[in-house]
Amino acid sequence: MRTILIVGAGFSGVACAIQLLRGAGEQPLRVLLLNRSGRMARGMAYGTQSPQHLLNVVAANMSVLPDDPEHFLHYASMRDSRVTGASFVARSVYGDYLEWSLRQAQSQAARHVALDCVSGSVSRLQAIDDGRLAATLEDGRRIEADRVVLAFGHFAAPPPALLHGSLVDSVRYAADPWQAGLLSTIGVHEPVLLLGTGLTAVDIALQLLRRNPAQRVHALSRHGLLPQPYLPPTGQLAGSTLLRDGVPTARGALRAFLQQVECLEAAGLDWHDAMAALRHQAAHIWQGWPPAERRRFLRHLRPYWEVHRHQLPPTVQQELTLAMERGALRVTAGRAISVRDEAELSVLSVQPRGEDTQIELRAARIINCTGSCASPRRAQVPLVRQLLADGLVQADALGMGLKVGADCAVLGADGAPTPGLYYIGPWLKAGYWEASAVPELRQFAAVIARACL
Ligand SMILES: Cc1cc2nc3c(=O)[nH]c(=O)nc-3n(C[C@H](O)[C@H](O)[C@H](O)COP(=O)(O)OP(=O)(O)OC[C@H]3O[C@@H](n4cnc5c(N)ncnc54)[C@H](O)[C@@H]3O)c2cc1C
């Protein structure tokens, strides 16, 4: 019997398992879904239990099945008849949906196809005979497989260099904003500093302020930009390929994009339609750029891309606006220069963007909301280190992820595909840029399943 091992049961691993169960042919097949922590089919994004943590994509676009776009909508509206395609559903409901979809695929699979869900953490992976691979688990178990899909997802970002060792190791600093129970360890009167001003920082800030509207919360990022509110695209530019061709530079792409926005504005619309159309062309544009252009985009345009691409659900936007209007949440654009301890507080000296005078921010707790670790080389993860050291995987030069071939086959240090090894997850950004949300990941899962089978 062939065995396909999937390392990680967040969205990516579960989407692959579902595709394998649905697509298996006549041969007996065992799909082994291995997960290190938390429940199956949850992962970093959908493991939250808070009903106030909402998806940032409307229900109509969140199906796990690329060939059944309304799959999630049917599930969510079965649970709550008020849900429509335009609703922003709780992320915990989405976790339930993923688990339900996995069980549905399992019960509908042919009799010669088996799914095993196992708790365990892979610490080592080696190539063995005949292109097969062997995984060693932390507890010493060994699993041999014909194919392995790495779906190990997000890892905590390393702390900013200026935060010194004793602070980073103390309870004052939290590396993972989604760590279970984190907020219950923070006093309701303690001033909190969030590093980052993206969707995660907004979620954490509002969660703190719902407990105590008077808590002092400060968010800091280089540009101080907050995610823009979501507006449904009108479909005006659906299918547009304006930016696909002839934009060999980041500057050229920006110019073409702004021209498109001007046309939309002349028609009484705004940038949302241009962004929605651009999203579908992003991988193509990214792949057409040499490393120097990609680097230029990352340095100059990325912050603006992030806040326009990752938008806030309208109810969250309203809550955020109120919190900022009454001064409960403050946002600073600037660069942290140094940090020192002062009694119960850490004091960050910050150089505000575009200003000469430094300011000081005082916080009893500092939470890193800058996103997960983008670069495999910086991940403090034994399995990733071993894969890099043994040349089974290769990190891209820009520190954006792992190098893969067309069907997500992992490229080794020599540039050739490592036999039997595939990758799906946030580190696909290296090759595709726009790759880490459900609408893209579900397509990759289908591609990988076809290649594995
Ligand atoms: C907070 C948040 C909200 C998001 N909201 C949305 C949204 O609304 N809409 C959208 O389209 N996208 C959203 N995304 C993006 C996207 O859906 C996620 O990035 C996606 O879920 C990634 O899933 P993953 O399985 O690759 O990684 P993860 O969710 O990180 O899952 C990886 C799993 O692998 C396990 N694992 C790790 N190492 C090992 C090991 N060595 N052995 C065994 N198991 C291991 C982990 O325990 C974990 O369960 C969100 C992302 C985040 C972080």
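Within each chain, residue numbers correspond to sequence positions counted from 1 in written order. With the structure being a predicted model, the display of local features is reserved for residues of pLDDT at least 70 and the display and counting of side-chain atom pairs for 80 or more, all residues being used for whole-chain, interface and lining totals. Note that the side-chain values use all heavy atoms of the structure and ignore hydrogens as well as water.

Caption draft 1: Fine view of the overall build of the protein chain. Counting from the N terminus, the helices are DSSP H or I runs at least four residues long and the strands are E runs at least two residues long. Counting its secondary structure elements, the protein chain contains 14 helices and 16 strands. All radius of gyration figures rest on C-alpha atoms, and the globule criterion is 2.2 Å times the number of residues raised to 0.38. The C-alpha atoms of the protein chain give 23 Å as radius of gyration, which agrees with the globular expectation for 453 residues (22 Å, within 12%). Principal-axis analysis of the C-alpha atoms places the extent of the protein chain at approximately 65 × 55 × 50 Å. Under the scheme applied here, a residue whose accessible area is under 20% of the maximum for its type counts as buried, over 50% as exposed, and between as partly exposed, the area being computed with a 1.4 Å probe on protein chains only. Taken over 453 residues, the protein chain has a buried fraction of 51%. Should any heavy atoms of two residues lie within 4.5 Å, those residues are considered in contact. Across the protein chain, every contact between residues at least 6 apart in sequence was considered, and the portion connecting residues at least 24 apart equals 69%.

Caption draft 2: How the structure looks around the domain arrangement of the protein chain. An automatic or database domain assignment supplies the residue ranges for each domain. Parsing the protein chain into structural domains produces domain 1 (2–155 + 373–452), domain 2 (165–228 + 311–368) and domain 3 (250–309). Placing the centre of domain 1 and that of domain 3 at their C-alpha centroids yields a distance of 28 Å. The interface of domain 1 with domain 3 comprises 11 residues on the first partner and 14 residues on the second. Between domain 1 and domain 3, a total of about 1,100 Å² is buried, with carbon and sulfur atoms accounting for 58% of that surface. The quantity reported as buried area is the accessible area (1.4 Å probe) lost by two parts once they are put together, taken as the sum for both. By the criterion of area lost to domain 3, the three top residues of domain 1 are Leu-398, Trp-433 and Glu-434, representing 56% of everything that side buries. Within this document, salt bridges are pairs made up of a side-chain nitrogen of Lys or Arg and a carboxyl oxygen of Asp or Glu, the two lying within 4 Å of each other. For the pair domain 1 and domain 3, the number of links is 3 salt bridges.

Caption draft 3: Region of the structure containing the pairing of strand β14 (residues 365–368). Burial along β14 is two-sided: the face carrying Arg-365 and Ile-367 and the face carrying Ile-366 and Asn-368 are both buried. Following DSSP output, two strands are said to pair if at least two bridges run between them. Relative to β14, strand β8 (residues 173–174) runs parallel, the two being bridged by 2 bridges. Residue pairing across strands places Ala-174 opposite Ile-367, the latter belonging to β14. As judged from the 4 bridges shared by strand β9 (residues 192–195) and β14, these two strands associate in the parallel manner. Paired with Leu-193 across the strands is Ile-366, a residue of β14.

Caption draft 4: Molecular detail of the site of the ligand. Consider each residue's heavy atoms; a residue with any of them within 4 Å of a molecule or strand counts as near. Looking at the ligand, there are 35 residues lining it, with Ser-12, Asn-35, Tyr-46, Asn-56 and His-154 nearest. Any pair of N or O atoms that falls within 3.5 Å is considered a polar contact. Within protein, one atom must be able to donate a hydrogen and the other to accept it, and sequence-neighbouring residues count only if both atoms are side-chain atoms. At a separation of 3.0 Å, an oxygen atom of the ligand approaches a polar side-chain atom of Ser-37. Among the elements of the structure, α1 (11–23), β2 (29–35), α2 (43–46) and α14 (438–452) are those that each provide at least two residues to the shell around the ligand. For the shell around the ligand, the element with the highest residue contribution is α2, accounting for 4 residues. Classification convention: Asp, Glu, Lys, Arg as charged; Ala, Val, Leu, Ile, Met, Phe, Trp, Tyr, Cys, Pro as nonpolar; all other residues, Gly among them, as polar. Here the shell around the ligand is built from residues that sort into 20 nonpolar, 13 polar and 2 charged.

Caption draft 5: View of the environment of Gly-268. Residue position: Gly-268 is located in the loop between α7 (250–266) and α8 (271–279). Counting along the chain gives 267 residues from Gly-268 to Met-1, while the straight-line C-alpha distance between them is 60 Å.

Caption draft 6: Inspection of the pattern of salt bridges at higher detail. Counting across every chain of the model gives 24 salt bridges. A salt bridge links Arg-79 to Asp-96; its shortest N-O distance comes to 2.8 Å. Here the residue Arg-79 occupies a position in helix α3 (residues 71–79), and Asp-96 occupies one in helix α4 (residues 91–108), the gap between them amounting to 17 residues. According to the relative accessible area criterion, Arg-79 is partly exposed, its value standing at 46%. Residue classification places Asp-96 among the partly exposed residues on the basis of a relative accessible area of 26%. With a shortest N-O distance of 3.0 Å, Arg-132 and Glu-144 are connected by a salt bridge. Taken together, the positions of Arg-132 in the loop between β4 (122–127) and β5 (133–137) and Glu-144 in strand β6 (residues 142–145) put the pair 12 residues apart, joining distant regions of the chain. Judged by its relative accessible area of 22%, Arg-132 is partly exposed.

Caption draft 7: Looking closely at the nonpolar core. Note on terminology: a nonpolar core comprises buried Ala, Val, Leu, Ile, Met, Phe, Trp, Tyr and Cys residues joined through side-chain atoms within 4.5 Å. Residues Phe-72, Tyr-94, Leu-150 and Ile-424 are the most contacted members of the largest nonpolar core, which totals 86 residues. Broken down by element, this core gets its largest block of residues, 8 residues, from α1. Setting aside residues no more than four positions away along its own chain, Phe-72 makes contact with Leu-55, Ala-59, Met-62, Ser-63, Val-89, Tyr-94 and Tyr-97. In terms of nonpolar packing, the next biggest core, distinct from the first, is built from 28 residues, Ile-186, Tyr-230, Ala-328 and Cys-369 among them.

Caption draft 8: Layout of helix α10 (residues 291–309). Between the first and last residue of a helix there are one fewer steps than residues, each counted as 1.5 Å, and that sum is the expected span. Taking 1.5 Å as the rise per residue, α10 with 19 residues should run 27 Å; its terminal C-alpha atoms sit only 22 Å apart, a clear shortfall. Considering bend angle alone, the principal kink of α10 is centred on Leu-301 and spans about 70 degrees; proline Pro-303 follows within four residues of it. Every buried residue of α10 is accounted for by Glu-293, Arg-294, Phe-297, Leu-298, Leu-301, Trp-305, Val-307 and Arg-309. Looking at the buried side of α10, the elements it contacts are α7, α8, α9 (282–288) and α13 (429–432). Across the chain, bend at a residue is computed as the angle between axes fitted to the seven residues ending at that point and the seven starting from it.

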